[in-house]
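These are the residues of each chain, in order.
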Amino acid sequence: MIPVPLSELLALLDKLHAPVNKAALTQAYARAQTVPPLTDRPQDQVRGLLSDAGMKDVRLALLPWRRFDPRHLPALMWHEQAWWLAERHIEGGNTDTLTLTREGAESRTLAPDDIVTGAPGTAAGDETAVLWFSLASHVQSENLSDSENPAMRLVWRELLRDRSWVFRVVAATLLVNILAIPTSLFAMQVYDRVVPTLAWATLTTLVVGMVLVVGLDWLLKTLRARIMDSVASSVDKRLSQHVYEHLLHLQLDQQPGSLGTLAAQVGALDSVRQVVSAGLVFGIVDLPFAFLFIGLIGLIGGPVGWVYLGMLPVALALGLYTRLRLRRLTRQQMLRSNERLGLLVDSIRGAETLRASHAGWRFAQDWQTLSNSIAGYSIQQKSLTQFCTNTTGSLSTLAYVMGIVVGVWGVEAGYLTTGGMVACSILGGRVIGPVSQGVQYLMQWQQVREALDMVNNLLRKPTERRPGQTLLLPDRLPQHIGVEKLRFAFPQSPVQQLNIPALHFHAGERVLLLGPVGGGKSTLLKILAGLYRPGEGRVRLGDADLWEIDPQLVSAQVGYLPQAVQLFKGTLRSNLMLAGAVSDTTLTEVTRDLALDQVAAGNPLGMDMAISEGGSGLSGGQRQLVGLARVLMSRPRIWLLDEPTASLDGEAETRVWKALQARLQPEDILIVATHRPMAAVNFATRVLVVQEGTVVRDGAPDKVMPGLMARATASRPTVEVMNVKTRMPAASNSAGVLNGR
Ligand SMILES: Nc1ncnc2c1ncn2[C@@H]1O[C@H](COP(=O)(O)OP(=O)(O)OP(=O)(O)O)[C@@H](O)[C@H]1O
């Protein structure tokens, strides 16, 4: 790689608003020209130059593009033998494009997937890479998990991010309310001035005025609705994105168990936003105006005002009572609805098993029980809200009637005219409206509280890295990975799944991880991959704690193959290139070595053959091969493979080991959890047996394997053939060997 040009570096620092002295950096560049470089690593060169220019605390890393998260752009990109300033643009809210610019060249606009890596003949140094600066100003995420009510804080933060809408909506609502005053005064003038004298000219003037008022009122209400809709849509987008990304970055061992709950948690903020934004305007404008109108009624009609004022505490008591009674019902209904959603997802995913084991009736029964229970709660809830709505309606009519009655007394007593009485009735309508609305809010608030609780449960769960955490960007390739004083237990699990005082793996090691079913192999691999965070102890990647390192760097170094490979809706190609585009040559080579090309060859669409949701369309073994292909294409330094050949036949298994060996660099670390060690034992350098969460054996294959084989043979059942006891032959996968007992 050639050194990073000054112009591109300055352009990036400018984009990042980094406090750099341009003149000092230019001088540092000039000084660097006069001496031979101490290092040919661009990250070290840039660090040196920046340090020379007075920017000491710079953290940067060089990452392969395929492992880089484009949301962290802008950055400098090494692409087609040149350094570019890469920026990300989101057009129309969804199309993601990259713009590459550099001095003296035409700028380019590309889709992230257009940048392929590992092009034919590319050495590691020629591959598209990103030089990424981690600056303090870059870390924008807020730590919501410490907050008492993170969901509410999030809703407020998003609603008030741009406060101008509040002023506009409040101003519009204010005017709408003010316009109600001339409406009532119109009636008063007509009754008191026009009707007694039949003054048509006055009536015409009043009507013209009212037409203007009505027009303005219509315009203001339309504008207000538009503003509210656009705020709602942008807030919804940001809220759902935030909650979804929080979910994606949740510590995997902390994810909620129920899928229904999880789905409901992600969607629940929507109802919160609606009530909070409408409630905000209600609280700021409508409610104070209700009091203003009561005052106005009092001014015109004297005691009539007391009638409407007296209605307020009754309505408030009604709303609070309903809310209290709704609390239990709403909670139960939500819980059951979540359970039912979970059941639905489970039965769709497990349709085959249900059909094969004739267990459908059991699920149908559960569905019916849940539906009955939801319907029961729903009926109770509806009748309660109906009761409240009807009572508020009757209360309003009563207030209106009482207002008229008291008004008649006023007319009799002489302090109120007929027109004044009509005006009081019209203004009374402006009091009744907000009061009924307030009662509705009180009822809805109960639902919102439940929804908030649900989202809070999700947002309080820890993410893989603390928001705002200063992450390490080590730039040396890790020479070892390991755990120290490790203790791990799943949440709510009374037993400890792993307890390992110390375990280290060094460069060049090829390790087989054996042990009985449920022994803890997968959990250990997930901990080493940085997917599960241990409750106690440390995971070390090189010299640093893995959880202190930027996750992009971890995933650039560590490749993990899960036991159950997940495929996603798309094509075979999109599933293979899940982590980013690779060159067609790399794709062809890997698929050929794993014989996955035969799958594509058998389909007229080839690599573009459709994969449906949940990954149906491929066999179990083929899925495993897709998972392996993903890891092989990502070329990690540390390979963590969980049962890579469990679903494969002997031939495919041999092919997998060959493909893997061809790609393993001498310094790479390979750790394979398997129940079929025999095909891999010849190239293994170390065998570990994990049982009941601890390492019970650890040594060279020739030391550990004979003992395991002997035990496996001894534990194999015997059959009696014509009175001769014979030991059962060993199965090719030697499952017994793995028990380690
Ligand atoms: N999500 C989970 N919640 C609670 N306990 C779990 C969870 N996943 C695994 N376990 C428990 O952790 C223990 C270790 O499981 P793990 O999957 O690591 O075993 P394993 O050695 O990989 O087994 P196998 O050989 O069957 O794949 C088991 O006792 C299992 O029941």
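Residues numbered from 1 in each chain as written. Predicted model: local features only at pLDDT ≥ 70, side-chain atom pairs only at ≥ 80, totals over all residues. Heavy atoms only, no water.

Caption draft 1: Highlighting the sheet that holds strand β18 (residues 694-699). Overall, mixed pairing links the six strands, which are arranged β12-β15-β16-β9-β17-β18 in an open sheet. If you trace the sheet from one side to the other, it starts and ends with β12 (558-561) and β18, each paired once. Here the average twist between neighbouring strands, direction ignored, is 15 degrees. The strands that helix α13 (residues 521-528) touches are β9 (510-514), β12, β15 (638-642), β16 (669-673) and β17 (686-691); relative to β15, the one it contacts most, it runs at about 150 degrees. Strands β12 and β15 of the sheet are contacted by helix α18 (residues 620-634), whose axis makes an angle of about 175 degrees with β12. (Pairing = 2+ DSSP bridges. Helix = DSSP H or I, 4+ residues; strand = E, 2+ residues; numbered from the N terminus. Axes fitted to C-alpha atoms, helices over the stretch in contact; angles between N-to-C directions. Contact = heavy atoms within 4.5 Å.)

Caption draft 2: Up close: the nonpolar core. In terms of nonpolar packing, the biggest core is built from 62 residues, with Leu159, Trp165, Val272, Ile297, Tyr308 and Val431 touching the most fellow members. Broken down by element, this core gets its largest block of residues, 16 residues, from helix α12 (residues 418-459). Leaving out residues up to four positions away in the same chain, Val272 has contacts with Met152, Val155, Val448, Ala451 and Leu452. Listed in part, the 49 residues of the second largest apolar core include Trp84, Ile500, Leu553 and Ile669. (Core = buried A, V, L, I, M, F, W, Y, C linked by side-chain atoms within 4.5 Å. Buried < 20%, exposed > 50% of the residue type's maximum accessible area, 1.4 Å probe, protein only.)

Caption draft 3: The arrangement of the site of the ligand in detail. Lining the immediate surroundings of the ligand are Phe490, Gln497, Pro516, Val517, Gly518, Gly519, Gly520, Lys521, Ser522, Thr523, Gln563 and His675. Note that an oxygen atom of the ligand is positioned 3.0 Å from one of the backbone N or O atoms of Gly519. Residue Ser522 places a side-chain N or O atom 2.6 Å away from an oxygen atom belonging to the ligand. Surface burial for the ligand is 61%, taken as the share of its 640 Å² of free accessible area covered by protein chains. Looking at side-chain class alone, the shell around the ligand contains three nonpolar, eight polar and one charged residues. (Near = heavy atom within 4 Å. Polar contact = N/O pair within 3.5 Å; in protein donor to acceptor, adjacent residues only side chain to side chain. Areas by Shrake-Rupley, 256 points an atom, 1.4 Å probe, with all protein chains shown as cover. Nonpolar A, V, L, I, M, F, W, Y, C, P; charged D, E, K, R; others polar.)

Caption draft 4: Inspection of the side chain of Glu8 at higher detail. Assignment of secondary structure puts Glu8 in helix α1 (residues 6-15). Buried charged residue Glu8 carries no salt bridge. Nearest counter-charge: Arg102, at 6.5 Å. Filtering out sequence-adjacent residues up to four positions away, Glu8 remains in contact with Leu76, Trp83, Trp84, Leu85, Thr101, Arg102 and Glu103. (Lys, Arg positive; Asp, Glu negative; His and termini not counted. Salt bridge = Lys/Arg side-chain N within 4 Å of Asp/Glu carboxyl O.)

Caption draft 5: Seen up close, the pairing of β9. Of all five residues that make up β9, five are buried, and the element is covered over most of its length. Going residue by residue along β9, you find Arg510, Leu512 and Leu514 tucked away on one face and Val511 and Leu513 tucked away on the opposite face as well. In this sheet, β16 lies alongside β9 in parallel orientation, the contact comprising four bridges. Each residue of the ladder has a partner; that of Leu513, found in β16, is Ala673.

Caption draft 6: Region of interest: the environment of Arg487. Note on placement: Arg487 falls in strand β7 (residues 480-488). For the pair Arg487 and Thr694, spaced 207 residues apart in the sequence, the C-alpha separation amounts to 9.8 Å. Not counting residues within four places of it along the chain, the set of residues in contact with Arg487 comprises Gln496, Leu498, Asn499, Pro534, Gly535 and Glu536.

Caption draft 7: Expanded view of the confidence of the model for the protein chain. When pLDDT is averaged along the protein chain, the result is 80; 85% of the residues meet or exceed 70. Considering only residues more than four positions removed or in separate chains, one finds that residues 119-123, a stretch of pLDDT under 50, has three contacts. Note on residues 718-741: pLDDT is under 50 here. Beyond four places in sequence and across chains, it has 46 contacts. (pLDDT = per-residue confidence, 0-100.)

Caption draft 8: Spatial organisation of helix α4 (residues 150-159). The element α4 is extensively covered by neighbouring structure, given that seven of its ten residues are classed as buried. Every buried residue of α4 is listed here: Pro150, Ala151, Met152, Leu154, Val155, Glu158 and Leu159.

Caption draft 9: Summary view of the pattern of salt bridges. Applying the stated criterion across every chain, the model contains 15 salt bridges. Across the pair Glu87 and Lys15 runs a salt bridge, and its minimum N-O distance is 3.3 Å. In this pair, Glu87 is assigned in strand β3 (residues 82-91) and Lys15 in helix α1, connecting sequence segments 72 residues apart. On the basis of relative accessible area, Glu87 is assigned to the buried category, the value being 15%. Residue Lys15 is classed as partly exposed on the basis of its relative accessible area, which comes to 42%.

Caption draft 10: Summary view of α18. Spanning 15 residues, α18 covers 22 Å between terminal C-alpha atoms, matching the ideal 21 Å at 1.5 Å per step. For α18, the tally of buried residues reaches twelve of 15 residues, placing the bulk of the element in the interior. Every buried residue of α18 is accounted for by Gly621, Gln624, Leu625, Val626, Gly627, Leu628, Ala629, Arg630, Val631, Leu632, Met633 and Ser634. The secondary structure elements touched by the buried residues of α18 are β12, α15 (572-576), α16 (584-593), β15 and α19 (650-663). Looking one or two residues beyond α18, the residue adopting positive phi is Arg635, at roughly 45 degrees. (Expected span 1.5 Å × (residues − 1).)

Caption draft 11: Focus on the environment of Arg47. Along the chain, the position of Arg47 falls in helix α3 (residues 42-52). As a C-alpha pair, Arg47 and Leu60 span 13 residues in sequence and 7.7 Å in three-dimensional space.

Caption draft 12: Representation of the side chain of Thr173 in the model. Looking at the element boundaries, Thr173 is found in helix α5 (residues 164-197). Excluding residues within four positions of it along the chain, Thr173 makes contact with Arg224, Val281, Val285 and Asp286.

Caption draft 13: Structural detail: the packing of helix α6 (residues 200-248) against α12. Where α6 contacts α12, the axes come no closer than 10 Å and their chain directions differ by 40 degrees. Between α6 and α12, the angle falls in the class oblique. Facing His242, Val243, His246 and Leu247 of α6, the residues of α12 in contact are Val455, Leu458 and Leu459. By residue class, the composition of the contact of α6 with α12 is five nonpolar, two polar and no charged. (Parallel < 35°, antiparallel > 145°, perpendicular 65-115°, else oblique.)

Caption draft 14: Seen up close, the packing of aromatic side chains. What the rule picks out here adds up to six aromatic pairs. Here the aromatic rings of Phe488 and Phe490 are separated by 5.0 Å at their centres, their planes lie at 80 degrees, and the arrangement is edge-to-face. On the basis of relative accessible area, Phe490 is assigned to the partly exposed category, the value being 26%. Ring geometry for Phe490 against Tyr532: centres 5.3 Å apart, planes inclined by 85 degrees, an arrangement best described as edge-to-face. In this pair, Phe490 is assigned in the loop between β7 and β8 (498-506) and Tyr532 in the loop between α13 and β10 (536-541), connecting sequence segments 42 residues apart. Tyr532 sits in the buried class, given a relative accessible area of 10%. Clustering of aromatic rings is evident, with ring pairs tying together Phe488, Phe490 and Tyr532. Against the face of Trp84 rests Arg102, its NZ or CZ located 4.7 Å from the ring centre. Between the NZ or CZ atom of Arg340 and the centre of the ring of Trp367, over which it lies, the distance is 5.2 Å. (Phe/Tyr/Trp six-rings, centres within 6.5 Å; stacked < 30°, edge-to-face > 60°. Lys NZ or Arg CZ within 6 Å of the ring centre and 35° of its normal.)

Caption draft 15: The UniProt feature "transmembrane region" (unreviewed entry) in the protein chain, seen in detail. Here, the residues flagged by UniProt with the feature "transmembrane region" (unreviewed entry) are residues 165-186, 198-220, 275-300 and 306-324. Counted over residues 165-186, helix gives 100% and strand 0%. Its end C-alpha atoms are 32 Å apart. As a span, residues 275-300 carries 100% helix and 0% strand, and end to end its C-alpha atoms are 35 Å apart. (UniProt positions renumbered as here; feature names shortened; annotations may be inferred.)

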